[in-house]
Amino acid sequence: RVIGSEAGGESAGGPEGGKAGYDGHVKSLVFRIGEDQSPLVLVCPGLDKVNTKRVARSLGYKPSTVQLCSPQEALALSGYRVGTVPPFGHRTRMRTIVESSVF
């Protein structure tokens, strides 16, 4: 799981992966990750906050190498404005990770 607070708390769905806080909507966020700053799309529940430290650790990267793209960079990479980025079909080929609670 890569959502939750920086202090380690879980999302509204809880540590068991329940969906109490999941309303069926998802969001696709565009990040730069790793030393080479490769683009990455993270698909997660729309109501939850992403913990970038967990994203980094779960993928084997240093937390300092993960950053959310600016709206301009997300548009350039995906071909879509922030708030309309789909989970696939982007202008640039990007690795896509789907947070487990989406399923």
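Everything below is about the structure printed above this text.
Note that the coordinates shown come from a computational prediction; the quantities given were computed from them, not determined experimentally.

Across its full length, the protein carries 2 helices and 4 strands. When the 103 residues of the protein are sorted by exposure, 39% land in the buried category. Of the contacts made within the protein by residues no fewer than 6 positions apart, 56% connect residues no fewer than 24 positions apart. Working note: accessible area of the protein is about 5,900 Å², and carbon and sulfur atoms make up 54% of it.

With that out of the way, let us pick up the environment of Ser101. Relative to the assigned elements, Ser101 resides in the segment after strand E4 (95–98). Along the sequence, Ser101 and Cys44 sit 57 residues apart, while their C-alpha atoms lie 7.6 Å from each other. A distance of 2.5 Å separates the side chain of Ser101 from the side chain of Glu99, its partner in a polar contact.

The 4 strands lie next to each other as E3-E1-E2-E4, forming an open sheet whose pairing is mixed. Looking along the sheet, the strands with just one partner apiece sit at the ends: strand E3 (66–68) and E4. Averaged over all adjacent pairs, the angle separating strand axes in this sheet is 35 degrees, with direction ignored. As paired strands, strand E2 (residues 38–45) and E4 are joined by 4 bridges and run parallel to one another. When the bridges of E4 are listed, Val43 appears paired with Val98.

Conventions and cut-offs
Residues numbered from 1 in each chain as written. Predicted model: local features only at pLDDT ≥ 70, side-chain atom pairs only at ≥ 80, totals over all residues. Heavy atoms only, no water. Helix = DSSP H or I, 4+ residues; strand = E, 2+ residues; numbered from the N terminus. Buried < 20%, exposed > 50% of the residue type's maximum accessible area, 1.4 Å probe, protein only. Contact = heavy atoms within 4.5 Å. Areas by Shrake-Rupley, 256 points an atom, 1.4 Å probe, with all protein chains shown as cover. Polar contact = N/O pair within 3.5 Å; in protein donor to acceptor, adjacent residues only side chain to side chain. Pairing = 2+ DSSP bridges. Axes fitted to C-alpha atoms, helices over the stretch in contact; angles between N-to-C directions.

Worth remembering: the numbers are spatial, not functional.
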